[in-house]
Amino acid sequence: MYQGAIFDLDGVLVDTAKYHFLAWQALAQKLGIHFTERDNERLKGVSRMASLDVLLSLGDQQYDTATKEKFAQEKNDLYVSYIEKMDATEILPGVTALLTHLQQEKIKICLGSASKNAPLILKRTGLDQYFDAIVDGNDVQKAKPDPEVFLKGAEKLGLAPTFCVVFEDALAGCEAGKAGGMYVVGVGTKENLPLADEVHANLVDFTGDHLFQLKKL
Ligand code: B16
Ligand code: MG
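Residues numbered from 1 in each chain as written. Chains lettered and ligands numbered in written order. Predicted model: local features only at pLDDT ≥ 70, side-chain atom pairs only at ≥ 80, totals over all residues. Heavy atoms only, no water.

J.: Would you take a moment to explain the pattern of salt bridges for this structure?
T.: When their charged atoms lie close together, side chains carrying opposite charge are able to pair. A complete count under the given rule lists 10 salt bridges for this structure. Of the charged contacts, one joins lysine 144 and aspartate 8 as a salt bridge, the two residues approaching to 2.9 Å between their closest N and O atoms. Taken together, the positions of lysine 144 in the loop between strand S3 (133-135) and helix H7 (148-157) and aspartate 8 in the loop between strand S1 (4-7) and helix H1 (17-31) put the pair 136 residues apart, joining distant regions of the chain. On the basis of relative accessibility, which here comes to 5%, the residue aspartate 8 falls in the buried class. Two residues, lysine 44 and glutamate 41, come together in a salt bridge whose shortest N-O distance is 3.1 Å. (Salt bridge = Lys/Arg side-chain N within 4 Å of Asp/Glu carboxyl O. Helix = DSSP H or I, 4+ residues; strand = E, 2+ residues; numbered from the N terminus. Buried < 20%, exposed > 50% of the residue type's maximum accessible area, 1.4 Å probe, protein only.)

J.: Whenever I open this one, the coordination of the magnesium ion (ligand 2) confuses me. Can you help?
T.: Six octahedral donors around a metal ideally subtend angles of 90 or 180 degrees, whereas four tetrahedral donors ideally subtend 109.5 degrees. Within the protein, the atoms that donate to the magnesium ion (ligand 2) are Asp8 (OD), Asp10 (O) and Asp169 (OD), at distances of 2.0 to 2.2 Å. Written as a sequence motif, the donor residues of the magnesium ion (ligand 2) are D-x1-D-x158-D. Both residues of the pair, aspartate 8 and aspartate 10, belong to the buried class. (Donors = N, O, S within 2.8 Å, 3.2 Å for Na, K, Ca; no water.)

J.: Sorry if this is basic, but what is going on with the pairing of strand S4 (residues 164-168) here?
T.: If a strand is regular, its side chains alternate between the two faces of the sheet. Most of S4 sits out of view: 5 of its 5 residues are buried. Burial along S4 is two-sided: the residues Cys164, Val166 and Glu168 and Val165 and Phe167 are all buried. Where S1 and S4 come together, 4 bridges link them in parallel fashion. The residue bridging phenylalanine 7 from the neighbouring strand is phenylalanine 167, located in S4. (Pairing = 2+ DSSP bridges.)

Below, the structure is given as structure tokens:
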């Protein structure tokens, strides 16, 4: 029986990708780089500095480390100004019902996100009340698909990885969950998340009977 649930943040609990896009786009415009929503797809689940490298490569531009850190800070300042305004209305469909159900079933809940801004987002949306542990971009050295973020999550919950279910919307995140020995629920499409053990369009159908069946696996 599963005893822990580890959730990715962006794309699973809330849609912060739209704010990342606006903030990266502002930086791209300043640097004269053409940056589209399609390009933004490549940044989902990717760390801040690795995202900046992708953006700069689109414009075939190179900078020293200090300049890159300045750009990343600029982007983050704008991004934070957006997420400061988030509230509970931005929680994705099915999430609150699922977290409530898990809590009632005494299943421990952890966050496993690449974002260094995760605690602020959880606070602004009120989701922080559900979490027993948080592992975010401040805690990990190796980005997904490395399993570090989820292994640390299981450790914080005091559980063996095989007792944990990971909820992920990114291919690299599903890969990380499987590499960590966890059961992976993909949020999205089977086509985009072939490594997930099962895939759902959103978390609306992941309550009640289905959750009960999963617990019996
Ligand atoms: P930050 P996740 C990821 O969140 C985002 O998907 C990704 O686009 C972002 O670059 C990364 O967090 C780092 O975010 O700049 O706030 O530290 O999907 O792992 O929850
Ligand atoms: Mg994600």
